[in-house]
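Chain and residue survey
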Amino acid sequence: MSEDVNAAPIKVLFVDDEEYILKSISRLFVDEPYEVLTAPSGAKGLTVLRGAEDVGVIVTDQRMPSMTGTEFLARAKEIAPDALRIVLTGYADIHAVVEAINRGGAYRYAAKPWEDEELLQIVRDAARQYELLRENDRLERLVRKQNEELKEWNTELERRVMEATHRLKKSFDDTLASFAGLLELRDPSERHHSCNVAAVAEALAVAAALPADEVETVRIAALIHDIGKVGGIDLSPNNAVQALTPEQWRSYKEHPVRGQTVVDSIEALRSAGVLIRHHHERWDGGGFPDGLRGASIPVGARIIALADLIDREMSKCRGANVSDLVLDAVRGEGSAGRIDPGLVPHARRVVPEVCSRAPRGAGHYEEEIDVSKLRRGMTLSRDALSGTGVLLLRAGTVMDGTTIAALARHSELDPSRTGVYVFREHSAA
Ligand SMILES: [Fe+2]
Ligand SMILES: [Fe+2]
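Predicted, not measured: the structure shown is a model, and the values here were computed from it.

**Details of the overall build of the chain**
Across its full length, the chain holds 14 helices and nine strands. Taken across its 429 residues, the chain has 34% of its residues classed as buried. Nonlocal contacts in the chain, meaning residues at least 24 apart in sequence, comprise 65% of its contacts between residues at least 6 apart.

Below is the structure:
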């Protein structure tokens, strides 16, 4: 804002019923840097005030017919509240002075007849006072405006930061999904595992009342907990853990450390890397790679170990009571010293919920069907992949017109050797 306070001279209004007094005052102020206005009565003075903006000083005679100086000042105060008001009155008229101050809000009074120099000084003081008030007002307005601009700028900045954070988070999540997808591409038996473990681990971490940032670390670590298997031994179904040679078993046991090493160079994944390292530790100290025991195992790693167990049990169990079977297994492993027994109560809350979301077992069976047989409302039981292994839709997706059309289009471009897998409900009969 640029506002030159000296641009307009301060207006000073003199009101007196004696014409010659107004003339002599005008002469007295001719060399002063003010715009002098005059009025021969209170009523005329009010008219001048209404027409002239920004009158800074008002000087009025007290004794005037029809409207006294006090009455005039009281009304002038309503029109020009910021103007400094001065009343001219005789020495003996102390009552009028008190009235003028109390009713008319007079700034001060001057004796009549006046000494020229004294009247000049009184008006100069008032004009300076008015100028200070006006400048103060201008600065206040300026500060208010700048505060508003700052507020607007802050809001805009916040919005931009949120947008950028959202974009960064999305690209981070996409990168993680690609990592997980890489592992699943290499090892089809792991196809759902990463996402399932991430979902269960997140639910367990929330149930265990971990702070929000730790819940997120657990979710991220769980999503890529087996990333170290890339570059390790082949873990195809024909090469199950139980059937590994001692050499293969040694290599398999390296995958948590390899996983941590892979992500350690990414600062945002460093704390997740610690959980990845310890996701095969056992509560009783019999796990790997470091043989940590009990509470010395990071809680996030204990949660991922439990989520891993829950997912593997869920994929094995069939029937209407999957949730009970999984919980039996969890309790059994808790007693056997594999998992943290303190997490079992959280599993009791989380497992039924997870089982109800993923309808495998529980009255459902899986069926492979041709893409052309997909119907709205069907739920994918496995990820839908293109012929070259690109992930098209995640398991659990409920089909609608758009997703059916997308799969049909992809099956023409890059046809898969298999159909798509969906959940079917056992008939009641
Ligand atoms: Fe693992
Ligand atoms: Fe795993």
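**Some thoughts on the environment of Arg-394**
Mapped onto the secondary structure, Arg-394 falls in the loop between strand 8 (391-393) and helix 14 (401-413). Judged by C-beta crowding, with 13 C-beta atoms within 10 Å, Arg-394 ranks as partly exposed. Taking the C-alpha atoms as reference points, Arg-394 and Arg-382, separated by 12 residues in sequence, lie 7.0 Å from one another. When near neighbours in sequence (up to four residues on either side) are disregarded, Arg-394 contacts Cys-195 and Asp-383.

**Some words on the pairing of strand 3 (residues 55-61)**
Within strand 3, seven of the seven residues are buried, which leaves it mostly tucked inside the rest of the structure. Of the strand pairs in this sheet, strand 1 (residues 10-15) and strand 3 are connected by five bridges, and their pairing is parallel. When the bridges of strand 3 are listed, Leu-13 appears paired with Ile-58. Bridging between strand 3 and strand 4 (residues 84-89) involves five bridges; their strand directions are parallel. Note on strand 4: the bridge partner recorded for Asp-61 is Leu-88. Viewed along the sheet, the connection from strand 3 through helix 3 (residues 69-79) into strand 4 turns out right-handed.

**Quick word on unusual backbone geometry**
As a rule of thumb, non-glycine residues mostly have phi less than zero, and peptide bonds are mostly trans rather than cis. Geometrically, the link from Lys-112 to Pro-113 is a cis peptide bond, its omega value of 0° lying close to zero. The topology assignment puts Pro-113 in the loop between strand 5 (108-111) and helix 5 (116-186). The residue after Phe-288, namely Pro-289, is reached through a cis peptide bond having omega 10°. Its place among the elements puts Pro-289 in the loop between helix 10 (270-277) and helix 11 (299-316). Phi at Asp-54 is positive, roughly 65°, even though this residue is not glycine. Of note in this structure, Ala-209 is not a glycine but carries a positive phi near 60°. As for its position among the elements, Ala-209 is in the loop between helix 6 (193-207) and helix 7 (212-223). Given 9 C-beta atoms within a 10 Å radius, Ala-209 is considered exposed.

**Overview of the packing of helix 11 against helix 12 (residues 322-335)**
The N-to-C vectors of helix 11 and helix 12 enclose an angle of 135°; their axes lie 9 Å apart at closest approach. Our classification of the angle between helix 11 and helix 12 gives oblique. You can see that helix 11 and helix 12 cross each other, and the crossing is right-handed. Between helix 11, through Leu-309, Ile-310, Glu-313 and Met-314, and helix 12, the contact on the second element is made entirely by Val-322, Val-326, Ala-329, Val-330 and Glu-333. Residues of the contact of helix 11 with helix 12, tallied by class, amount to seven nonpolar, no polar and two charged.

**Quick notes on the packing of helix 7 against helix 10**
Contact geometry of helix 7 with helix 10 gives a least axis separation of 8 Å together with a crossing angle of 60°. Considering their axes alone, helix 7 and helix 10 lie oblique with respect to each other. Classified by chirality, the crossing of helix 10 by helix 7 is right-handed. Facing helix 7, whose interface residues are Thr-217, Val-218, Ile-220 and Ala-221, helix 10 presents Ser-271, Ala-272, Leu-275 and Ile-276. Here the residues of the contact of helix 7 with helix 10 sort into six nonpolar, two polar and no charged.

Rules used throughout
- Residues numbered from 1 in each chain as written.
- Chains lettered and ligands numbered in written order.
- Predicted model: local features only at pLDDT ≥ 70, side-chain atom pairs only at ≥ 80, totals over all residues.
- Helix = DSSP H or I, 4+ residues; strand = E, 2+ residues; numbered from the N terminus.
- Buried ≥ 20, exposed ≤ 12 C-beta atoms within 10 Å, placed from the backbone.
- Contact = placed C-beta atoms within 7 Å.
- Pairing = 2+ DSSP bridges.
- Right-handed = clockwise from strand over helix to strand, strands pointing away.
- Axes fitted to C-alpha atoms, helices over the stretch in contact; angles between N-to-C directions.
- Parallel < 35°, antiparallel > 145°, perpendicular 65-115°, else oblique.
- Left-handed = near helix turned anticlockwise from the far one by under 90°.
- Nonpolar A, V, L, I, M, F, W, Y, C, P; charged D, E, K, R; others polar.

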